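Here are the chains, one letter per residue:
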Amino acid sequence: MYDIHSVRKDFPVLDEVIYLDNGATTQTPVPAVNAMNDYFFKYAANHGRGAHRLARQTTDNYEDARDRIADFLNTTPESTVLTKNASESINMVALGIRWEAGDHVVTTLVEHHSNLLPWMRLREKGVEVTIVGSDREGCVDPKDVDAAITDRTKLVSVNHVSNVFGSIRDVEKITRVAQKNGAMVLVDGSQSAGHMPVDIKKIGCDFFATPGHKGLLGPQGTGILCIKDPDTLEPTYIGGGTVHAVTTEGYELEPSPSKFEAGTPNIPGVIGLGRAVEYVQEIGVENIEKYEKELTTDAVKRLAEIEGVEVYGPKDRTGVVPFNVEGMNPHDVAMILDETRKICVRSGYHCAMPSVDMLGVEGTVRASFALYNTEEEVDSLIEGVEQITMLA
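The structure presented is a predicted model; accordingly, all values stated were derived computationally and were not measured.

A. Highlighting the environment of Tyr372. When you line up the elements, Tyr372 lands in the loop between strand E15 (364–368) and helix H13 (375–391). The class of Tyr372 is buried, set by a relative accessible area of 0%. Residues Tyr372 and Asp231, 141 residues apart in the sequence, show an inter-C-alpha distance of 40 Å. Excluding residues that lie within four positions of it along the chain, Tyr372 makes contacts with Ile4, Val7, Arg8, Phe11, Leu14, Tyr19, Asn22, Thr26, Gln27 and Glu377.

B. A look at the pattern of salt bridges. Going through the model one piece at a time under the given rule, you end up with 18 salt bridges. A salt bridge links Arg366 to Asp21, with the nearest nitrogen and oxygen atoms 3.8 Å apart. Residue Arg366 is found in strand E15, and its partner Asp21 is found in the loop between strand E1 (18–19) and helix H2 (30–43); the two are separated by 345 residues along the sequence. Across this residue pair, the class does not change: Arg366 and Asp21 are buried. Between Lys301 and Glu305 there is a salt bridge, with its nearest N and O atoms 2.9 Å apart. Note on accessibility: Lys301 and Glu305 belong to one class, exposed. Bridged by salt links that share partners, the residues Asp21, Arg346 and Arg366 form one connected network.

C. Here's a closer look at the packing of aromatic side chains. This model, assessed by the stated rule, comprises 5 aromatic pairs. Residues Tyr2 and Tyr291 carry aromatic rings whose centres are separated by 5.6 Å and whose planes lie at 70 degrees to one another, so their mutual orientation is edge-to-face. Placement of Tyr2 in the segment before helix H1 (4–8) and of Tyr291 in helix H10 (residues 285–304) is noted, with a sequence separation of 289 residues between them. Overall, the relative accessible area of 11% leaves Tyr291 in the buried class. Ring centres of Phe11 and Tyr372 lie 4.7 Å apart, and the angle between their planes is 55 degrees; this geometry places the pair in the tilted category. Residue Phe11 is found in the loop between H1 and E1, and its partner Tyr372 is found in the loop between E15 and H13; the two are separated by 361 residues along the sequence. A connected cluster of aromatic rings, assembled from ring pairs, spans Phe11, Tyr279 and Tyr372.

The rules behind these values
- Residues numbered from 1 in each chain as written.
- Predicted model: local features only at pLDDT ≥ 70, side-chain atom pairs only at ≥ 80, totals over all residues.
- Heavy atoms only, no water.
- Helix = DSSP H or I, 4+ residues; strand = E, 2+ residues; numbered from the N terminus.
- Buried < 20%, exposed > 50% of the residue type's maximum accessible area, 1.4 Å probe, protein only.
- Contact = heavy atoms within 4.5 Å.
- Salt bridge = Lys/Arg side-chain N within 4 Å of Asp/Glu carboxyl O.
- Phe/Tyr/Trp six-rings, centres within 6.5 Å; stacked < 30°, edge-to-face > 60°.

Keep in mind these values describe shape, not function.
Dropping the structure here:
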């Protein structure tokens, strides 16, 4: 296990608040912020567009970050496309596959809107979409996914972990089932990467999407799309940096990942993300997973013991804990926790309205944990919720 108090020194805002909104975005550690500052103050230039020393250093550090990210996820740098968030990554797949009318996509009820709306929009092109249901704990049976696949299914797209319930998908099994039937697989790792070990080669999926600003501790505006076979996608954007040669008659694209990365990227953000991933590696993602599960298990147990509080989700989950206080609007609960105890939680539909609608409620309060949270912060959450129940 790691020294939690030493880790917390790298996140200064934790001296001011109890931050339990990590499912939306985590805090970025000082070493990653310093790496971004070094870019701005010591060698800022454009990526891949110059022979001078600053351009070379910028390009080297940017590509070093890509190498580190690929190593962390157990894939190759050539397969690792750097984007601005998971939403862009997923849309790049939706827009880049060569669809035909009658093609079929399978997804699930417990997806974030970012892994639902891009597929629903394909209905305008004549693509059929099947949305597989879940139980009330947010768990999806791989057999139900299998049953939904037809001979026209081109893609199965599922999250690794639900951002509403914290339920964990058996993505290896789903991938095997889908590929056995000739379908490609996209895994949305927004709530898994950095919170648990992720081995893309072991999963075997065709596409893996994740943001940089959640479990990987990077800055906002960074994301990752891992593509097993780059020839399966057409680039969504083309322009500067994507081409090897251009004439007035046509152009020749660069190989992956360059052909997917048009224009000037978020250079400082990616460099900061690379350092953040290194930070996670130094602590050990297995250690992070174990520690977060201990906090989560304690929080779920104690919240469920409070009269008038309903906790949602399965026993086996990541650090996502949704709940409601009987007779209270979830936004009011979140505001009271903030005003009385400086506890930051998320409230509402969590960009996953079908998931929450399934529960028959108008939103939930969501406490979500990261590597820097403490048992004392769980204590404060429990005490705060207990006080709120007295008001309800």
